[in-house]
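Chain by chain, the residues run as shown.
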Amino acid sequence: MEAGARYVSPLDPHSPAARDIATLWWWMLAAAAIVFAGAIALLWLGWRRRGEPGLPWIGESERFNTGLVVAFGMVIPAVVLSALFVGANLVVMRDTEPPSRSATAMTIVAIGHQWWWEFRYPESGVVTANELHIPASTSVNLEARSADVIHSFWVPELNRKIDMVPGQRNRIELYAEHAGTYRGQCAEFCGLQHANMAFNVVAEPQSGFQSWLRQEQAPAEPPQGAEAVAGMRAFMEGACASCHTISGTEARGTVGPDLTHVASRATLAALTGPNRHGFLDQWISDPQSIKPGSKMPGLELTEAQFRSLVAYLSGLR
Ligand code: CUA
């Protein structure tokens, strides 16, 4: 399995909102199963007695036939659909509404890009990509924005989807009951690499989250060793720096993910592969073979430049 490619299901809830959604799903399944069973039973009865008039235990009764149509065609659907409408729209939608900003402990801005995620922590100035860290059992106000087309932010185990609409700011609550890693996925078709637009939510105990935040606030590690120093030069002088930011250096591009602490992330290219030698090498040397259509170009690099670039980037902890 690729890094992060874990089985995720909205039926494995890890927050009160997700539990509400899962409960609604089971009710809907139960209602659909009963209606389906009823329809199949009537169909079966009709087939068994084809060519014969009436029903076995009541004979030919016009009133009964009308009653059957009224019950199954009108009353039952009206009752079932009304009940589900109340459950879905009045109860679950209300319960999964984001709380007021002041009721949340912090705000994170998530920005959808074709095809990766930018995460900003306005209160601490941290900017990262594709790996969203939150403190566990803490209410987080997530603001969803888009840099280009419509995306949809969805962490099935934590809450419902929220659309990321250009020019608009939507909100949702992120809350994880326990520490853990929860996979998120873009849930609105947004182009060629929509399927490869995933991210991880890493929920940690408060102390772990705070130390992650401090680590992320720090500027990038200076390169260690001659190869990494050469790699930094290749990065700054080549095309990389015009698309990526590495804080503490002159690289300030905003087209691609912030790479200040890229080596500390578990995956690359929005969970397309593990952040390890091998995948990193392949991603730099031929990104279009991994993620066709992405804005990351294949660069004309000498073997030495390529090696040094890998050495530099893997040192950015
Ligand atoms: Cu972004 Cu689909």
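Right, let's walk through the structure included here. Predicted model, so just to flag it, every value in this text is computed and none were measured.

Observations concerning helix α8 (residues 303–313)
Within α8 the residues assigned to the buried category are F306, S308, L309, V310, Y312 and L313. Residues of α8 that are buried sit in contact with α4 (226–237), α5 (240–243) and α6 (279–285).

Side note on the sheet that holds strand β3 (residues 126–129)
Ordered by their spatial adjacency, five strands build an open sheet running β3-β2-β1-β5-β8, and the pairing between neighbours is mixed. Edge positions in the open sheet fall to β3 and β8 (170–174), since each of these has one partner strand only. The sheet shows a mean angle of 25° between the axes of neighbouring strands, taken without regard to direction. Strand direction decides the pairing type here: strand β1 (residues 106–113) and strand β5 (residues 140–146), joined by seven bridges, are parallel. Bridge pairing in β5 places V109 opposite E143. Against the sheet, helix α3 (residues 206–217) touches β1, β2 (116–121) and β3, its axis set at about 95° to β3.

Points about the side chain of R265
Its location among the elements puts R265 in the loop between α5 and β11 (267–268). Among buried Asp, Glu, Lys and Arg side chains, R265 stands out as unpaired, with D258 the closest opposite charge at 4.6 Å. At a separation of 2.3 Å, a polar atom in the side chain of R265 contacts the main-chain carbonyl oxygen of D258. Ignoring anything within four residues of it in the chain, the contact list for R265 reads T128, A129, E131, P257, D258, L259 and N275.

Thoughts on unusual backbone geometry
Between Q114 and W115 the backbone carries a cis peptide bond, its omega angle lying at 0°. Mapped onto the fold, W115 is located in the loop between β1 and β2. Phi angles above zero are rare outside glycine, and A269 is one such case at about 55°. Note that A269 resides in the loop between β11 and β12 (273–274). For A269, a relative accessible area of 12% puts it in the buried group. Here the phi dihedral of L271 falls at roughly 70°; this positive angle occurs in a residue that is not glycine. Structurally, the position occupied by L271 is in the loop between β11 and β12. Assessed through its relative accessible area of 6%, L271 is described here as buried.

A short note on the nonpolar core
Within the largest apolar cluster, 35 residues are counted, with the highest numbers of intra-cluster contacts made by W117, F119, Y121, L132, I134, F153 and L174. With four residues, the single largest contributor to this core is β2. Residues V262, F279, L309 and Y312 belong to the second largest nonpolar core, which totals 23 residues.

Re the sheet that holds strand β6 (residues 151–154)
Read from one edge to the other, the open sheet built from five strands follows the order β4-β10-β9-β6-β7, with strand pairing classed as mixed. Bordering the open sheet on either side are β4 (131–135) and β7 (162–164), each of which pairs with just one other strand. Across the sheet, the mean angle separating the axes of adjacent strands is 25° when strand polarity is ignored. Pairing of β6 with β7, which is carried by three bridges, proceeds in the antiparallel orientation. Paired with S152 across the strands is D163, a residue of β7. On the sheet, α3 packs against β4 and β10 (198–204) and is oriented at approximately 135° with respect to β4.

Considering the packing of aromatic side chains
For the structure shown, the criterion picks out nine aromatic pairs. With a centroid separation of 5.0 Å and 90° between ring planes, the pair formed by W25 and W26 is classed as edge-to-face. Taking relative accessible area as the criterion, W25 reaches 40% and is therefore assigned partly exposed. We classify W26 as partly exposed; its relative accessible area is 48%. Centroid distance W117 to F153: 5.9 Å. Interplanar angle 85°. Geometry classified as edge-to-face.

Notes on a nonpolar patch on the surface
Nonpolar side chains collect at one region of the surface, where V35, L42, V70, F72, M74, V75, I76 and V79 lie side by side and expose about 650 Å² of accessible area between them. If you list the elements that add at least two residues to the nonpolar patch, you get α1 (16–48) and α2 (62–95). Residue contributions to the nonpolar patch peak at six residues, all from α2. Looking at the element boundaries, V35 is found in helix α1.

Quick notes on the rules
- Residues numbered from 1 in each chain as written.
- Predicted model: local features only at pLDDT ≥ 70, side-chain atom pairs only at ≥ 80, totals over all residues.
- Heavy atoms only, no water.
- Buried < 20%, exposed > 50% of the residue type's maximum accessible area, 1.4 Å probe, protein only.
- Helix = DSSP H or I, 4+ residues; strand = E, 2+ residues; numbered from the N terminus.
- Contact = heavy atoms within 4.5 Å.
- Pairing = 2+ DSSP bridges.
- Axes fitted to C-alpha atoms, helices over the stretch in contact; angles between N-to-C directions.
- Lys, Arg positive; Asp, Glu negative; His and termini not counted.
- Salt bridge = Lys/Arg side-chain N within 4 Å of Asp/Glu carboxyl O.
- Polar contact = N/O pair within 3.5 Å; in protein donor to acceptor, adjacent residues only side chain to side chain.
- Core = buried A, V, L, I, M, F, W, Y, C linked by side-chain atoms within 4.5 Å.
- Phe/Tyr/Trp six-rings, centres within 6.5 Å; stacked < 30°, edge-to-face > 60°.
- Patch = residues over 30% accessible without salt bridge, like charges linked within 9 Å, V, L, I, M, F, W, Y side chains within 5 Å.
- Areas by Shrake-Rupley, 256 points an atom, 1.4 Å probe, with all protein chains shown as cover.

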